[in-house]
Amino acid sequence: MANHFSALKRTRQTERKTAANRANKSRLRTALREMREAIAKGDQTGAKSALSAASSAVDKGVQKGVLHKNTASRYKARLNARAKAISAK
């Protein structure tokens, strides 16, 4: 355990930021999982609403520093392509 005040403060900050990062990452993963489940069911309306929620979560992940912007763009493009494939069927 650290003994310096600055090290103790840094430990407290790290714990808070770790908890926030974990919550943001979990929120993102949940949205992506719900989108994949809607696509797997073949539910067009569910996939459309899940796409909106997932895109929002991905954008929020970029803002919070959980995802890189290019990674987010790739996720959104692939999800959009899958949602279009369902509507085409």
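Rules and cut-offs
Residues numbered from 1 in each chain as written. Predicted model: local features only at pLDDT ≥ 70, side-chain atom pairs only at ≥ 80, totals over all residues. Heavy atoms only, no water. Axes fitted to C-alpha atoms, helices over the stretch in contact; angles between N-to-C directions. Helix = DSSP H or I, 4+ residues; strand = E, 2+ residues; numbered from the N terminus. Parallel < 35°, antiparallel > 145°, perpendicular 65-115°, else oblique. Left-handed = near helix turned anticlockwise from the far one by under 90°. Contact = heavy atoms within 4.5 Å. Nonpolar A, V, L, I, M, F, W, Y, C, P; charged D, E, K, R; others polar. Expected span 1.5 Å × (residues − 1). Buried < 20%, exposed > 50% of the residue type's maximum accessible area, 1.4 Å probe, protein only. Salt bridge = Lys/Arg side-chain N within 4 Å of Asp/Glu carboxyl O. Core = buried A, V, L, I, M, F, W, Y, C linked by side-chain atoms within 4.5 Å.

S.K.: Would you mind showing me how to read the packing of helix α1 (residues 5-41) against helix α3 (residues 69-88) here?
M.R.: For any two helices packed against each other, the geometry comes down to the angle between their axes and how far apart the axes lie. For the pair α1 and α3, interaxial distance at closest approach is 10 Å and the crossing angle is 20°. Judged on the interaxial angle alone, α3 and α1 are roughly parallel. The handedness of the crossing between α1 and α3 is left-handed. Of α3, the residues touching α1 (which contributes Leu32, Met35, Arg36, Ala38 and Ile39) are Tyr75, Leu79, Arg82, Ala83 and Ile86. Considering only residue class, the contact of α1 with α3 consists of 8 nonpolar, no polar and 2 charged.

S.K.: Could you clarify how one ought to interpret α1 in this entry?
M.R.: Owing to its 3.6 residues per turn, the α-helix brings residues three or four apart onto one side. End to end, α1 covers 54 Å across 37 residues, agreeing with the expected 54 Å (1.5 Å per residue, within 8%). Of the positions making up α1, those classed as buried are Asn24, Leu28, Ala31, Leu32, Met35, Ala38 and Ile39.

S.K.: Please clarify how the pattern of salt bridges should be interpreted in this entry.
M.R.: A pair can form between side chains of opposite charge whenever their charged atoms are brought close. Inspection of the entire model under this criterion finds 2 salt bridges. Between Glu37 and Arg33 there is a salt bridge; the shortest N-O distance is 3.9 Å. Pair noted here: Glu37 and Arg33 are both in helix α1, with a separation of 4 residues, about one helical turn. Residues Lys76 and Asp59 are paired through a salt bridge, measuring 2.9 Å at the closest nitrogen-oxygen approach. Here the residue Lys76 occupies a position in helix α3, and Asp59 occupies one in helix α2 (residues 44-64), the gap between them amounting to 17 residues.

S.K.: Mind showing me how you'd approach the environment of Ala20 here?
M.R.: Inspection of the secondary structure puts Ala20 in helix α1. Sequence separation between Ala20 and Lys64 is 44 residues; the distance between their C-alpha atoms is 9.2 Å.

S.K.: Which parts of the structure should I look at to understand the packing of α1 against α2?
M.R.: One can describe the packing of α1 onto α2 by two numbers: an axis separation of 8 Å at closest approach and a directional angle of 155°. One element, α1, and the other, α2, form an angle in the roughly antiparallel class. Crossing angle aside, the handedness with which α1 passes α2 is left-handed. Taking contact as the criterion, the partners of Asn24, Leu28, Ala31, Leu32, Glu34, Met35 and Ala38 in α1 are, on α2, Gly46, Ala47, Ala50, Leu51, Ala53, Ala54, Ala57, Val58 and Lys64.

S.K.: It is not clear to me how the side chain of Asn24 should be interpreted in this structure. Could you clarify?
M.R.: The topology assignment puts Asn24 in helix α1. Residue class for Asn24 comes out buried when judged on its relative accessible area of 14%. For Asn24, the residues in contact, after removing those within four places along its chain, are Lys64 and Val66.

S.K.: Which parts of the structure should I look at to understand the nonpolar core?
M.R.: A general feature of soluble globular proteins is that nonpolar side chains tend to end up buried together. Ranked by size, the top nonpolar core spans 18 residues in total, and within it Leu28, Leu32, Met35, Ala54, Val58 and Leu79 carry the most contacts. Those elements giving two or more residues to this core turn out to be α1, α2 and α3.

Everything listed here is a matter of geometry and, on its own, says nothing about what the molecule does.
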